[in-house]
Amino acid sequence: MKFSRRDTLALGAGAVALTVLPLQANAATAVDDLIATFTGGADVGEGGVTLTAPEIAENGNTVPVGIDAPGATEVLIVAAGNPNPNVATFKFGELAGSQSASTRIRLAGTQDVMAIAKMGDGSFKKASQTVKVTIGGCGG
Amino acid sequence: MAQGVKPRVKAPKTAAAGETVTLKTLISHKMESGQRKDKDGNVIPRSIINRFTCEFNGKSVIDVKMEPSISTNPYFEFEAVVPEAGEFKFTWYDDDGSVYEEAKSVKIG
């Protein structure tokens, strides 16, 4: 049997889809669980939160991310594609100058990073951004 | 891993009453995620700083719960209101029970 260039490409794409799909399904439930625990099952709206992250991160070991959520009391950062999607929870106290902070996080690969903010009135807002990672940061 | 841990904090020495100041903190720590393996294939156990807090005269500014996805040498930048002269207290809590502290005093003027 002779493979044309087109066949080979199709085969390759199929194989990639097969291996990636179940992984993503697993990760998605873990992320949903994590968010549900944080929000207590409440609806999460869009807007009101700004997540600053690079579009392309060369080194997944240190990816600078910033959050800005005026009026928030707590902000959860989630990296959907990490072995442990929970990254950090920021709680702002009474002397916080603004509801913003920045830090550096590890990303295992190209994925969506999410920030979910708990607002002062008890509602939840989220923002997300896709970060392309050239070298993953979770070790071999 | 309680060796070579050195907290560094950048805070202004003076501020106007009620002014919002930016604080930057960095602490040297390996933040072993518990995902890596050594060359024999054994998992290196997790050893991270799991909590960071900042207080000013006993009032909370920020309280961060940290997970293994935080990078080596955890860095935080955030803002705080300085209502009066006093002292910022920064505290890091290690998985092994160690507590690292740093304090910076701020004058009004």
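Structure first, text after, so check above.
For clarity, every value in this text was computed on a predicted model and none was experimentally measured.

Before we move on, could you go through the overall build of chain B and cite the residues and values that matter?
Counting its secondary structure elements, chain B contains zero helices and eight strands. Along chain B, helices and strands appear, N-terminal first, in the series β-β-β-β-β-β-β-β. Taken over the C-alpha atoms alone, chain B extends approximately 60 × 20 × 20 Å along its principal axes. The buried share among the 109 residues of chain B stands at 41%. Taken as a whole, chain B presents about 5,400 Å² of accessible surface, with 46% of it coming from carbon and sulfur.

Let's hear about unusual backbone geometry: which residues, and what values?
All names here are of chain B. Here the phi dihedral of Asn57 falls at roughly 50°; this positive angle occurs in a residue that is not glycine. Along the polypeptide, Asn57 turns up in the loop between β4 (49-56) and β5 (59-66). For Asn57, a relative accessible area of 37% corresponds to the partly exposed category.

Give a description of the sheet that holds strand β6 (residues 75-82) of chain B that names residues and reports values.
Backbone-to-backbone hydrogen bonds join strands into a sheet, with any given pair of strands oriented parallel or antiparallel. In spatial order, the strands read β2(A)-β4(A)-β7(A)-β6(B)-β3(B)-β1(B); together these six strands make up an open sheet with antiparallel pairing. In this open sheet, the two edge strands, each paired with only one partner strand, are β2 (50-52) of chain A together with β1 (7-10) of chain B. Taken pair by pair, the neighbouring strands of this sheet meet at an average axis angle of 20°, ignoring direction. Of the strand pairs in this sheet, β2 of chain A and strand β4 (residues 63-68) of chain A are connected by three bridges, and their pairing is antiparallel. In the sheet register, Leu51 of chain A faces β4 of chain A, and the bridge partner there is Ile67 of chain A.

Could you give an account of the side chain of Gln111 of chain A, naming the residues involved and the relevant values?
Residue and element names in this part refer to chain A. Relative to the assigned elements, Gln111 resides in strand β8 (residues 111-119). Of the polar contacts made by the side chain of Gln111, one reaches the backbone nitrogen of Gly81; its length is 2.7 Å. Gln111 has contacts with Ala79, Ala80, Gly81, Asn82, Gln129, Thr130 and Val131, leaving out every residue within four places of it along the chain.

An account of the environment of Ala69 of chain A is needed here, citing residue identities and associated values.
Residues and elements named next belong to chain A. By the secondary structure assignment, Ala69 is in the loop between β4 and β5 (72-79). Of the residues examined, Ala69 reaches a relative accessible area of 0% and is grouped as buried. Linking Ala69 and Glu46, residues 23 residues apart in sequence, is a C-alpha distance of 12 Å. Leaving out residues up to four positions away in the same chain, Ala69 has contacts with Gly48, Val49, Val75, Gln99 and Ala117.

Explain the pattern of salt bridges to me, and be specific about the residues and the numbers.
All names here are of chain B. A full pass over the atoms with the stated rule returns four salt bridges over all chains. Where Arg46 meets Asp95, a salt bridge forms, and the shortest distance between an N and an O atom there is 2.9 Å. Taken together, the residues Arg46 in the loop between β3 (19-27) and β4 and Asp95 in the loop between β7 (86-94) and β8 (99-108) connect sequence positions 49 residues apart. Among the residues examined, Arg46 registers a relative accessible area of 39% and is labelled partly exposed. Here Asp95 falls in the partly exposed class, since its relative accessible area comes to 32%. Across the pair Asp63 and Arg51 runs a salt bridge, and its minimum N-O distance is 2.9 Å.

Cut-offs applied
- Residues numbered from 1 in each chain as written.
- Chains lettered and ligands numbered in written order.
- Predicted model: local features only at pLDDT ≥ 70, side-chain atom pairs only at ≥ 80, totals over all residues.
- Heavy atoms only, no water.
- Helix = DSSP H or I, 4+ residues; strand = E, 2+ residues; numbered from the N terminus.
- Buried < 20%, exposed > 50% of the residue type's maximum accessible area, 1.4 Å probe, protein only.
- Areas by Shrake-Rupley, 256 points an atom, 1.4 Å probe, with all protein chains shown as cover.
- Pairing = 2+ DSSP bridges.
- Axes fitted to C-alpha atoms, helices over the stretch in contact; angles between N-to-C directions.
- Polar contact = N/O pair within 3.5 Å; in protein donor to acceptor, adjacent residues only side chain to side chain.
- Contact = heavy atoms within 4.5 Å.
- Salt bridge = Lys/Arg side-chain N within 4 Å of Asp/Glu carboxyl O.

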